Amino acid sequence: MSDYYDISELSSRVPDPPVSDLSIEEKAEREFGTLTSKKYLCTAQHIKGEPIKEQKLDEPPYYIVLTTYLDYLFLIIIGHIKDFLGMTFMPQHFSAMVPKNGYPPWYSAFESFYPRRLKKRLDDCFARPISGVPGRYINVFNRGTPDYNDTFYYDGTVTPCLNLSSYNYLGFAQSVGRCTDDAVEAVKKYGTSSCGPRNIIGNTDLHVETERILANFLGKEAAILFSMGWGTNAHLFTSLVNSKCLVISDSLNHASIRFGIRLSGAAVKVFPHNDIGALEKILRDSISQGQSKSHRPWKKIFVCVEGLYSMEGTYCNLPAIVALKEKYKFHLFVDEAHSIGALGEHGKGICEYYNVDPNDVDILMGTLTKSFGAAGGYVSARKNVIDRLKLDITANNYSESIPPAVLQQISTSMRIIAGELNGNEGKERLQRIAFNSKYLRLGLKRLGFIVYGADDSPVIPLLLFNPSKMPGFCRLMFERGVATVIVGYPATDIISSRVRFCMSAALTKEDIDKILAICADIGDKLNLKFSTGIAGGSKHPDDYKKGIKPRWTIEEVLATTADDCIKHELY
């Protein structure tokens, strides 16, 4: 099923049965698969006392690197030739890039070159409209394009796909269940907007109660909720630092963090991703030299990291950073957007994963869209810090508060994770995502793919490299009924394009078996299996030292990998 359909082909499709015709039990199964065996459960928890593994990055063969650069070079040359000929002979199609009626162009040809000549070739792989909740299966609207992604046409039919494209880590994105029932009751009580019965400080009692539940869950004194996660970081730093402060940021921090730091006017230094030695050197130099012009001591020094990096699938080395904090007395900010609810024995994030006291981290920030099936962001810290933020942070002063139904979704899902509601459901969800993450990652490594990230990370990047393999992989997966997300420049380095699998507790072991079999077939077709085994996947720990690359058949992977994940034999 190619996305470049003839328009006449669209009208010949038979629509799938509407989701509304399914029974409650069928809906629940499509949104959250039934666990088929209690043995397919693990825990995403670092074993206390064991050394933290250094991330080993596998490298592709030189010919893959060379052909990747040549592919981009070829596309750039052809694109510039087309631009020159088009603006010369068909200026009506380039009206935004040529002067008109004495006015300059809206933007230069060079400025818009990448989205027009490179990204547009794979636009059919991005922003696919969906219907229903993004649970175990996701309903993707079928569409075609007669003009190479300039326009799209829809026939109203959908394709149900196994969902590896949503941040539905614990599977709470459901239309049936305790969270949905409680959200409906919240709408009946408070209405659909953020207005409703309010207490003396201007928030609904549900808002205040949700902040209390969140602070208790995180092990901090207080917390504050915001209606948007990206906006939380974008506005937070203006309330924390100024031009006489220094922020030291990991090189792979999210764009919202970088934007917020720039907005604050603070001085910025960047250290290579997870390089603790480089971080310590920057700290020593910065403390000894002081501010760049006056050489006076910095008013504050903040170190900013993420718990789980959403493009790499790696964790920050929090114990080592906390040890540096004790030594150099800086302030520590940790973004837990992807780690909260997904890591740790009780889902309490990167602090619990590494057995670090949450009070050793000054500012814990996170979002509520990933593990909790809701929306918004939060900041958790000492009470005096939160009280100060409530007075002057612009993210609250110039935005709407979170609607009651969303607040209730946050509250109920968090209480389920903590074991206060629905018995052991929260524990089982945490153990399912841990197993699913280990199983898919190890299976892909054994098949010969280059995969980044920690063993139990729910973000699983599979490296594609060549630009033509991004749309190729995405389209072939969609043909076989799996929804995926491809990522390329500028979200990654130009050479390290990838498909980013987002794992969910909603998937079953049998779903992952199917995904592995599909990936094995596509990997052969697109020549993606060139792992050396340095990062895992070998049949024996010494295979890499002997130069033996992973050579597992799909039958061997499906027969042994699940049990090896349970036994932690992850080489």
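Residues numbered from 1 in each chain as written. Predicted model: local features only at pLDDT ≥ 70, side-chain atom pairs only at ≥ 80, totals over all residues. Heavy atoms only, no water.

Under an unreviewed UniProt entry, the name given to the chain is serine C-palmitoyltransferase, and the source organism is Pichia inconspicua. Turning to the chain, the UniProt record has this under Catalytic activity (unreviewed entry): "L-serine + hexadecanoyl-CoA + H(+) = 3-oxosphinganine + CO2 + CoA". Comment text from UniProt for the chain, heading Cofactor (unreviewed entry), reads "pyridoxal 5'-phosphate". (UniProt positions renumbered as here; feature names shortened; annotations may be inferred.)

Caption draft 1: Molecular detail of the overall build of the chain. Looking only at helices and strands, the chain features 18 helices and 14 strands. Taken along the three principal axes of its C-alpha coordinates, the chain extends 65 × 60 × 60 Å. Residue burial in the chain is summarised as follows: out of 571 residues, 52% are buried. Expressed as a percentage of contacts within the chain between residues at least 6 apart in sequence, the contacts between residues at least 24 apart total 71%. (Helix = DSSP H or I, 4+ residues; strand = E, 2+ residues; numbered from the N terminus. Buried < 20%, exposed > 50% of the residue type's maximum accessible area, 1.4 Å probe, protein only. Contact = heavy atoms within 4.5 Å.)

Caption draft 2: Local environment of unusual backbone geometry. Of note, the bond from tyrosine 489 into proline 490 is cis; its omega dihedral lies within 30 degrees of zero at 10°. Relative to the assigned elements, proline 490 resides in the loop between strand E13 (485–487) and strand E14 (498–502). With phi around 60°, asparagine 274 is a residue other than glycine that occupies positive phi space. Inspection of the secondary structure assignment puts asparagine 274 in the loop between strand E6 (267–271) and helix H9 (276–289). The phi angle at asparagine 422 is positive, at roughly 60°, despite the residue not being glycine. Note on asparagine 422: relative accessible area 33%, which makes it partly exposed.

Caption draft 3: Representation of the environment of valine 247. Mapped onto the elements, valine 247 comes out in strand E5 (residues 246–250). Accessibility expressed as a relative area gives 0% for valine 247, which makes it buried. Sequence-distant contacts of valine 247, that is, excluding residues within four places in its chain, are made with Val241, Ile261, Ala266, Ala267, Val268, Lys269, Phe302 and Cys304.

Caption draft 4: A look at the UniProt feature "transmembrane region" (unreviewed entry) in the chain. In this numbering, the UniProt entry assigns the feature "transmembrane region" (unreviewed entry) to residues 62–81. Across residues 62–81, the secondary structure splits into 100% helix and 0% strand, with the terminal C-alpha atoms separated by 29 Å.

Caption draft 5: The arrangement of the pattern of salt bridges in detail. Across all of its chains, the model carries 32 salt bridges by this definition. For aspartate 455, the salt bridge identified is with lysine 53, shortest N-O distance 3.3 Å. Remark: lysine 53 occurs in the loop between helix H2 (24–31) and helix H3 (62–89) and aspartate 455 occurs in the loop between helix H15 (425–447) and strand E11 (459–463); sequence separation between them is 402 residues. Judged by its relative accessible area of 67%, lysine 53 falls in the exposed class. A salt bridge links lysine 390 to glutamate 211, with the shortest nitrogen-to-oxygen separation between them at 3.9 Å. (Salt bridge = Lys/Arg side-chain N within 4 Å of Asp/Glu carboxyl O.)

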